[in-house]
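Structural overview
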Amino acid sequence: MSRRRTFLPYPRLAATRRAGRGNGFSLIELLITLGVVAVLATVVVPVAQTSLQRGKEQDLRLALRDLRAAIDLYKKASDDGRIQKSGNDTGYPKNLKVLVDGEDDLRDPKHSKIRFLRKIPRDPMHPDASVPAADTWGKRAYASEPDNPQEGDDVYDVYSKSKGIGLNGVPYRKW
């Protein structure tokens, strides 16, 4: 029985083609893959940035709500006669630190402290983490105009000092 041999005109070329197919990607495949990755990156990066900004805005909203609620509670305690107040005093706290340190409760025989906050929240839009939390906020005094908030003898309201604009189009200072 004779074996029949197949004749290949270029045996080395056939061996090279077979061996080269499993070794890697062609240049076109690499370029297409890089193009797809680039398109995905252009979609993912803005979404991630928006998500990060939305998280900071939520933190700002909560911090403002907590601070304003504490200021209102202080004013209510002052109006109810639980906190000592002088004749020309507005009843608002002198500074934000008073909300944490507390005031003596005049109605309590032991004169225990009334505290309004556990700690002062930071303004999440403030760029410098080394600044104390109370100094990251802009403070508006009771005698100050709403359109031009200025610090004064008391703290009537707080606002962010950031010059940025929220996703809703409203500057953070106006929140």
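Please refer to the structure higher up on the page.
First things first, this report covers the structure right here in the doc. The structure displayed is predicted, hence computed values, not measured ones. (Residues numbered from 1 in each chain as written. Predicted model: local features only at pLDDT ≥ 70, side-chain atom pairs only at ≥ 80, totals over all residues. Heavy atoms only, no water.)

Quick notes on the overall build of the protein chain
Quick reminder of the rule: To qualify as a helix, a DSSP run of H or I must reach at least 4 residues; to qualify as a strand, a run of E must reach at least 2; elements of each kind are numbered from the N terminus. Partly exposed residues are those whose accessible area sits between 20% and 50% of the maximum for their type, while under 20% is buried and over 50% is exposed, using a 1.4 Å probe and protein chains only. We call two residues in contact whenever any of their non-hydrogen atoms come within 4.5 Å of each other. Accessible surface area values rest on a Shrake-Rupley calculation with a 1.4 Å probe, where residue burial reflects the displayed protein chains alone.
Helices and strands together make up the secondary structure of the protein chain, namely three helices and four strands. Secondary structure elements in the protein chain, listed N-terminal to C-terminal, are α-α-α-β-β-β-β. Split into buried and exposed, the 175 residues of the protein chain put 27% on the buried side. Within the protein chain, residue pairs in contact and separated by at least 24 positions form 46% of the contacts whose partners lie at least 6 positions apart. Only carbon and sulfur atoms are counted for the fraction: they give 56% of the accessible area of the protein chain, which is about 13,100 Å².

A look at the nonpolar core
Inclusion rule: Note on terminology: a nonpolar core comprises buried Ala, Val, Leu, Ile, Met, Phe, Trp, Tyr and Cys residues joined through side-chain atoms within 4.5 Å.
Judged by nonpolar contacts, the single largest core of 24 residues is most densely connected at Leu-96, Leu-99, Phe-116 and Trp-137. Of all elements in the fold, only α2 (27-79) and α3 (97-101) reach the threshold of two or more residues within this core. Looking at which element gives the most residues to this core, the answer is α2, with eight residues. Contact partners of Leu-99, with chain neighbours within four places excluded, come to Ala-70, Ile-71, Tyr-74, Pro-93, Arg-115, Phe-116 and Leu-117.

As for the pattern of salt bridges
Condition: A pairing counts as a salt bridge when a side-chain nitrogen of Lys or Arg comes within 4 Å of a carboxyl oxygen of Asp or Glu.
In the structure shown here, the tally under the stated rule is eight salt bridges. With a shortest N-O distance of 3.1 Å, Asp-80 and Lys-76 are connected by a salt bridge. What makes Asp-80 partly exposed here is its relative accessible area of 32%. The partner of Asp-89 in a salt bridge is Lys-94, with the nearest N and O atoms 3.1 Å apart.

Things to note about the packing of aromatic side chains
Where two aromatic rings form a pair, the distance of their centres and the angle of their planes describe that pair. This is how the line gets drawn: Put simply, two rings from Phe, Tyr or Trp (the six-membered ring, in Trp's case) pair if the centres are within 6.5 Å, and we call them stacked under 30 degrees between planes, edge-to-face over 60, tilted for the rest. Charge-over-ring placement is defined geometrically: NZ (Lys) or CZ (Arg) within 6 Å of the ring centre, and within 35 degrees of the ring normal.
For the structure on display, the rule yields five aromatic pairs. Ring centres of Tyr-142 and Tyr-156 lie 5.3 Å apart, and the angle between their planes is 75 degrees; on these two criteria the pair is classed as edge-to-face. Remark: Tyr-156 occurs in the loop between β3 (137-140) and β4 (157-160) and Tyr-142 occurs in the loop between β3 and β4; sequence separation between them is 14 residues. Members of the aromatic cluster, each reached through a chain of ring pairs, are Tyr-92, Tyr-142 and Tyr-156. Sitting above the plane of the Tyr-92 ring, Lys-75 keeps its charged end 5.1 Å from the centroid.

Observations regarding the environment of Arg-82
Using the following cut-off: Polar contact is defined as a pair of N or O atoms within 3.5 Å, subject to the rule that within protein one atom must be able to donate a hydrogen and the other to accept it, and that residues adjacent in sequence are counted only when both atoms are side-chain atoms.
By secondary structure assignment, the location of Arg-82 is in the loop between α2 and α3. Among the residues examined, Arg-82 registers a relative accessible area of 30% and is labelled partly exposed. The sequence separation of Arg-82 and Asp-104 amounts to 22 residues, and the corresponding C-alpha distance is 7.8 Å. Beyond its immediate sequence surroundings of up to four residues, Arg-82 is in contact with Ala-77, Asp-104, Asp-105, Leu-106, Arg-107 and Ile-114. Here Asp-105 takes part through its side chain, which lies 2.7 Å from a polar atom of the side chain of Arg-82.

Re the side chain of Glu-57
Tracing the sequence through the fold places Glu-57 in helix α2. When residues no more than four places from it in sequence are discounted, the contact partners of Glu-57 are Met-125, Gly-166, Leu-167, Tyr-172 and Trp-175.

Just distances and angles here, no functional claims.
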